[in-house]
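# Chain and residue survey
For reference, the chains in residue letters:
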Amino acid sequence: MACILHIETSTAVCSVAVSEDSHVICHDEEHTSRKGASAERLGTLVDEALSFADSHAIPFDAVAVSCGPGSYTGLRIGVSMAKGICCGRDLKLIAVPTLELLCVPVLLRDTLPDNALLCPMLDARRMEVYAAIYDRALHTVRKTQADIVSADTYRQWLDERPVFFFGNGAQKCMDTIAHPNAHYIDGIEPLARWMQPLAERRLLNGQTEDVAYFEPFYLKDYVAAKPKDLLGNLHLETKKS
């Protein structure tokens, strides 16, 4: 089959895993709410995973990376690391959509109705989330987009079928989406150890990326915060005194 290194940095959780022949043989993760943690910890986690595989003489076939949407900085760091390893070891690059990845532990862990729809959500800002809707076979029912959540945002699907909401964006929607077909699942995070089935399927189907030109799916353009005009403020303070 295949040996794949998996990298996930789309949220505050930084995680790395190695899978071989459809089994996850090692994984590690760092949970923190502090910004920049992915940049600090990812290198260490990747080095440990590579050392584990090398010490067991396990040759890698590809690197899979969660490609977004999610944290702009986190995605950029994860994809840069994945591309660097692919170049250095001459490996294939696999991109795994973050929202699709969120569905894996739900499908593995929970017994869902046959007609259930899955709505993974990542927190954006205020009442906005990045969300998509899938059926149980992970066919896209509604593509990924940024939603400003109201009581009617998902009503057309809720009126027809049970919809399961999960991910770090679902918590802030619980009080807003009050519908008998709305169900919430807590504790679902995008982790590298859940990437194996999605990454392996893409590798077997030849769905790999151009290492040189691949970019994450940011969904929205990055907007940098405007720096404070410290010199201007200092000048005003001097004139006042």
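Provided above is the structure to which this section pertains.
Residues numbered from 1 in each chain as written. Predicted model: local features only at pLDDT ≥ 70, side-chain atom pairs only at ≥ 80, totals over all residues. Heavy atoms only, no water.

The subject of this paragraph is the nonpolar core. Of all hydrophobic cores here, the largest spans 30 residues; its most connected members are Ile4, Ala64, Ile94, Val96, Val106, Leu118 and Phe166. Among the secondary structure elements, those contributing two or more residues to this core are β4 (62-66), β5 (92-96), α3 (98-109), β6 (117-125), β7 (128-135), β9 (163-166) and α5 (196-204). It is α3 that contributes the most residues to this core, 6 residues altogether. If sequence neighbours within four positions are ignored, Ile4 has contacts with Ala17, Val18, Ser19, Phe60, Ala62, Val63, Ala64, Ile94, Ala199, Glu200 and Leu203. Core analysis: the second largest hydrophobic core is formed by 27 residues, Cys3, Val65, Ile85 and Leu93 among them. (Core = buried A, V, L, I, M, F, W, Y, C linked by side-chain atoms within 4.5 Å. Buried < 20%, exposed > 50% of the residue type's maximum accessible area, 1.4 Å probe, protein only. Helix = DSSP H or I, 4+ residues; strand = E, 2+ residues; numbered from the N terminus. Contact = heavy atoms within 4.5 Å.)

Of the voids in this model, the second largest pocket is the one considered here, and its volume is about 190 Å³. Lining the second largest pocket are 17 residues, and of these Gly167, Asn168, Gly187, Ile188 and Glu189 lie nearest its centre. Listed by contribution, the elements that provide at least two residues to the lining of the second largest pocket are β9 and β10 (182-185). (1 Å grid on protein atoms, 1.4 Å probe; cavity = no way out; pocket = protein on both sides within 12 Å on 5 of 7 lines; lining within 4 Å. Points joined across faces, edges and corners; volume = space filled by probe spheres on them.)

A separate point is the environment of Ala182. Secondary-structure assignment places Ala182 in strand β10. Considered as a pair, Ala182 and Pro162 are 20 residues apart in the sequence and their alpha carbons are 6.2 Å apart. With residues near it in sequence (within four places) discarded, Ala182 still touches Leu158, Val163, Phe165 and Ile177.

Another aspect to go through is the sheet that holds strand β3 (residues 23-30). What the 5 strands build is an open sheet, ordered β3-β2-β1-β4-β5; its pairing is mixed. Two strands lie at the open edges of the sheet, namely β3 and β5, each paired on one side alone. Strand-to-strand twist in this sheet, taken as the mean axis angle between neighbours without regard to direction, amounts to 15°. As judged from the 5 bridges shared by β4 and β5, these two strands associate in the parallel manner. (Pairing = 2+ DSSP bridges. Axes fitted to C-alpha atoms, helices over the stretch in contact; angles between N-to-C directions.)

Quick look at the packing of aromatic side chains now. In the structure shown here, the tally under the stated rule is 3 aromatic pairs. These aromatic residues form a ring-pair network of at least three members: Tyr154, Phe165 and Tyr184. (Phe/Tyr/Trp six-rings, centres within 6.5 Å; stacked < 30°, edge-to-face > 60°.)

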